[in-house]
Amino acid sequence: LLMNACHELKAVIWDLDGTIIDSQKQHFTSVQKVFQNHGFSYEKLNSKPNYGKTSLEVFQTLLGRDYDRGKILEMIEEKEKIYRSLIVNEAEFLPGVESCLKLFKGMGLKQAIASSTSLDNIKAVISALDANPYFAHLVSGEGLPSKPSPLLFLLTASKLGEAPSSCLVIEDSPFGVKGAKAAGMKCLAVPSFYRTNDLGDADLILHSLEELNIRDICALFS
């Protein structure tokens, strides 16, 4: 019944940070340590304006566009190593994620990660969660324009071999939602620390993936 009702839906594209795991603390700690190592201070845990963007975009925002790019890239590499050392021991699924992964897999849907973070970070998290069997592709936005550009989502759909109109994106940030919609995809938003009204472009908004009703998803594709 579900496959019939959802025959237009072929693939689910997941954001990672804030959607599959809550990694805000680990990202904050790793940026803070790198800043301290280089004589800067970084005290704001609420880095909302940067959430969902690539590390390069975040560091350029924090340090200024004219700050030495080579130096920024070194700092990013340092930050990512610290982040991975933390996250491999602390990663856990947000509520409802694992059951949704199982549900979509059982429906025969292809699944992929499309995250602004580095591929090394994605691989570290997915391995720590033991979630590799769910995903056909892990796609990083590194080297691409940051969300809300649709390019990361379009690249992921092409790797999956599916039309954008057959893809559901699951996101937690306004940048991600806007990027998904610009790519011509349906978007389910589950706010991690954004307010619901920041995510108004989404087709469906849930407070938690524990609330997911597959009929609501199918209705988006009927």
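Residues numbered from 1 in each chain as written. Predicted model: local features only at pLDDT ≥ 70, side-chain atom pairs only at ≥ 80, totals over all residues. Heavy atoms only, no water.

## Overview of the overall build of the protein chain
Point 1. The helix and strand tally for the protein chain stands at 9 helices and 6 strands.
Point 2. For 222 residues, the compact-globule estimate of 2.2 N^0.38 gives 17 Å, and the C-alpha radius of gyration of the protein chain, at 17 Å, lies within 12% of that figure.
Point 3. Judged by the C-alpha coordinates and their principal axes, the protein chain covers about 60 × 30 × 30 Å.
Point 4. Residues counted as buried form 51% of the 222 residues belonging to the protein chain.
Point 5. Contacts in the protein chain between residues at least 24 apart in sequence constitute 66% of all its contacts with a sequence separation of at least 6.
Point 6. Accessible surface for the protein chain amounts to roughly 10000 Å². Of this, 50% is attributable to carbon and sulfur atoms.
Point 7. Where the 23 positive side-chain charges of the protein chain centre and where its 27 negative ones centre are 3 Å apart. (Helix = DSSP H or I, 4+ residues; strand = E, 2+ residues; numbered from the N terminus. Rg over C-alpha atoms; globule rule 2.2 N^0.38 Å. Buried < 20%, exposed > 50% of the residue type's maximum accessible area, 1.4 Å probe, protein only. Contact = heavy atoms within 4.5 Å. Areas by Shrake-Rupley, 256 points an atom, 1.4 Å probe, with all protein chains shown as cover. Lys, Arg positive; Asp, Glu negative; His and termini not counted. Charge placed at Lys NZ, Arg CZ, Asp CG, Glu CD.)

## Comments concerning the state of the cysteines
Point 1. Taken as a whole and assessed by the stated rule, the structure comprises 1 disulfide.
Point 2. Across the disulfide, C6 is cross-linked to C218 (sulfur-sulfur distance 1.9 Å). On the sign convention where negative is left-handed, the bridge of C6 and C218, at about -105° about the S-S bond, is left-handed. One end of the pair, C6, is in the loop between α1 (2-5) and β1 (11-14); the other, C218, is in helix α9 (residues 214-221), and 212 residues separate them in sequence.
Point 3. In this structure C167 is not part of a disulfide, and its nearest cysteine sulfur, from C187, lies 12 Å away.
Point 4. With relative accessibility at 0%, the residue C167 sits in the buried group. (Disulfide = S-S within 2.5 Å.)

## Looking at unusual backbone geometry
Trans peptide bonds make up the majority, and among non-glycine residues the majority have a negative phi.
Point 1. A cis amide bond links K147 to the next residue, P148, at an omega of 20°.
Point 2. Among the structural elements, P148 can be located in the loop between β3 (137-140) and α7 (151-160).
Point 3. Phi at D130 takes a positive value of approximately 60°, unusual for a residue other than glycine.
Point 4. Its location among the elements puts D130 in the loop between α6 (119-128) and β3.
Point 5. For D130, a relative accessible area of 65% puts it in the exposed group.

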